[in-house]
Amino acid sequence: MEVAMPKDLQQEASLAKRRYMDLCRQRRIFDARNRIIGGDTEAWDVQVRDQKIKEATDKARHETFAAEMKHNDKVMCIMNDREQRHRKQLCRAINDFQQSFQKPETRREFDLSDPLALQKELPARVSDNDVRNTISGMQKFMGEDLNFQERKRFQKEQNREWALQQYGEWERARADHKLAEHHHTQTLLKFDEAARDLQKLEGSTRKEVCAAVKAFNKSQVVELAERKRHEKQQEQEDNMTEITNLLHGDLLSENPQQAASSFGPHHVILDRWKGMNREQLEEIWFTQKQQIQEKLRLQEEERQHSMDWDLRRIQKAHASLLHERQQQRLLREQRRALDCSNLNLARQQYIQKKLMDAASSSQPTEDYFSQFNTRSR
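Residues numbered from 1 in each chain as written. Predicted model: local features only at pLDDT ≥ 70, side-chain atom pairs only at ≥ 80, totals over all residues. Heavy atoms only, no water.

Trainee: Would you mind showing me how to read the overall build of the protein chain here?
Mentor: Along the backbone of the protein chain there are six helices and two strands. Within the protein chain, buried positions represent 5% of all 377 residues. For the protein chain, the share of sequence-separated contacts (at least 6 apart) that also reach a separation of at least 24 residues comes to 15%. Of the roughly 35700 Å² that the protein chain leaves accessible, carbon and sulfur atoms contribute 56%. (Helix = DSSP H or I, 4+ residues; strand = E, 2+ residues; numbered from the N terminus. Buried < 20%, exposed > 50% of the residue type's maximum accessible area, 1.4 Å probe, protein only. Contact = heavy atoms within 4.5 Å. Areas by Shrake-Rupley, 256 points an atom, 1.4 Å probe, with all protein chains shown as cover.)

Trainee: Help me understand the pattern of salt bridges in this model?
Mentor: Proximity of charged atoms lets side chains of opposite charge pair with each other. What the rule picks out here adds up to 12 salt bridges. Measuring nitrogen to oxygen at the nearest pair gives 2.3 Å for the salt bridge that ties Arg313 to Asp310. Placement of the pair is Arg313 and Asp310 together in helix α5 (residues 278-356), with a separation of three residues, close to one helical turn. Take Arg313: its relative accessible area is 51%, and that puts it in the exposed class. Residue Asp310 is classed as partly exposed on the basis of its relative accessible area of 33%. A salt bridge links Arg335 to Asp339, with the shortest nitrogen-to-oxygen separation between them at 3.7 Å. With Arg335 and Asp339 both in helix α5, this residue pair falls four residues apart, about one helical turn. By relative accessible area, Arg335 is classed as exposed at 52%. (Salt bridge = Lys/Arg side-chain N within 4 Å of Asp/Glu carboxyl O.)

Trainee: Just checking my understanding: could you explain a nonpolar patch on the surface for this structure?
Mentor: A grouping of Met240, Ile243 and Leu247 is seen on the molecular surface, where their side chains present a nonpolar patch of about 320 Å² in accessible area. In this structure, Leu247 sits in helix α4 (residues 148-248). (Patch = residues over 30% accessible without salt bridge, like charges linked within 9 Å, V, L, I, M, F, W, Y side chains within 5 Å.)

Trainee: Sorry, what's going on with the packing of aromatic side chains here?
Mentor: For any two aromatic rings, the description comes down to two numbers: the centre-to-centre distance and the angle of the planes. One pass over the structure, following the stated rule, counts two aromatic pairs. Judged by centre distance (5.2 Å) and plane angle (40°), the ring pair of Phe97 and Phe101 falls under tilted. Highlighted residues: Phe97 and Phe101, both in helix α2 (residues 41-101), separated by four residues, approximately one helical turn. When its relative accessible area of 61% is taken as the criterion, Phe101 is described as exposed. One cation-aromatic arrangement involves Arg312 over Trp309; the distance from NZ or CZ to the ring centre is 5.4 Å. (Phe/Tyr/Trp six-rings, centres within 6.5 Å; stacked < 30°, edge-to-face > 60°. Lys NZ or Arg CZ within 6 Å of the ring centre and 35° of its normal.)

Trainee: Help me out: how do you make sense of a positive patch on the surface in this one?
Mentor: On the surface, Arg325, Arg329, Arg332 and Arg336 cluster together into a patch of positive charge. Here Arg325 shows up in helix α5. Accessibility expressed as a relative area gives 46% for Arg325, which makes it partly exposed. (Lys, Arg positive; Asp, Glu negative; His and termini not counted. Charge placed at Lys NZ, Arg CZ, Asp CG, Glu CD.)

Trainee: Would you explain a negative patch on the surface in this entry?
Mentor: On the surface, Glu231, Glu235, Glu237, Asp238 and Glu242 cluster together into a patch of negative charge. As for its position among the elements, Glu242 is in helix α4. For Glu242, a relative accessible area of 47% puts it in the partly exposed group.

So, in structure tokens, the structure goes:
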């Protein structure tokens, strides 16, 4: 029997705690009803409930503030209406007092501010020769005499005569203008007739020039067509020569000898290289096969290494499981031995009590032992 050390007990406790956490996690993950990949629904429910409680609290506080604000606004409106009514009553009382006891006629200086004082006084002058009209009074100016209406009528008559005179002069100027326009129109007609003759002469001259230009252009077109035909024929000959040279040249014939360099067989001219030969391709294929085999060998070694590690991990888990079962078996044996010793002690105590109490019956003893046997099991 091995002795359990504190370090071993601590390690076993950590392993048991980890196994319990894994079991809890498996129940939480593989529960099809409550599982949500990548999230904890219980924590989310708690957060949602806290958020709702917070929102309800904020809403209640805001409603309380709103009710208080409404009450304050109502009180303010009532006080404002009361103040306005008091102010209107005060203004009405002041106006009534002024209308009843403070009339303008009762003032001592009313004669200085009487609005009808000017209507009660005499006008500034009665006639043009009024003695009150001194030079410093400035009550009579040029054109402000009392004969203003007659003078106005005379001026209107004079303006009418002047208007008739101006109308006659305007009629004469209009007749002169019409005569000048007639002469100008006759002159324009003569100029138009001369321009028409010049246009006819210019048209005949333009026709002769167009005929000459047309003949010159026709000769130029014929010459241009001949030159293009000759150039096209020369181009076709040049193209045929170029095609023949390309067909018989090294470029299209894929001659590998043209890529040979003067520095040796391993050097090639890049702009003339036509690809690898059969030997070079086979060498590359052989190298690729070797690389593939090497990669397969490394993958097999890695797989064998992984299998070894998996076997070791399984063996270690099996050993830990056997050790755990052995520990549980030892604990059950210790518990059973403890129960047996407790049962013996209980029997001894009961026998001592029976000797002390002779009036007790045997039936409770059997029940008592049956209870102990049930507990030990």
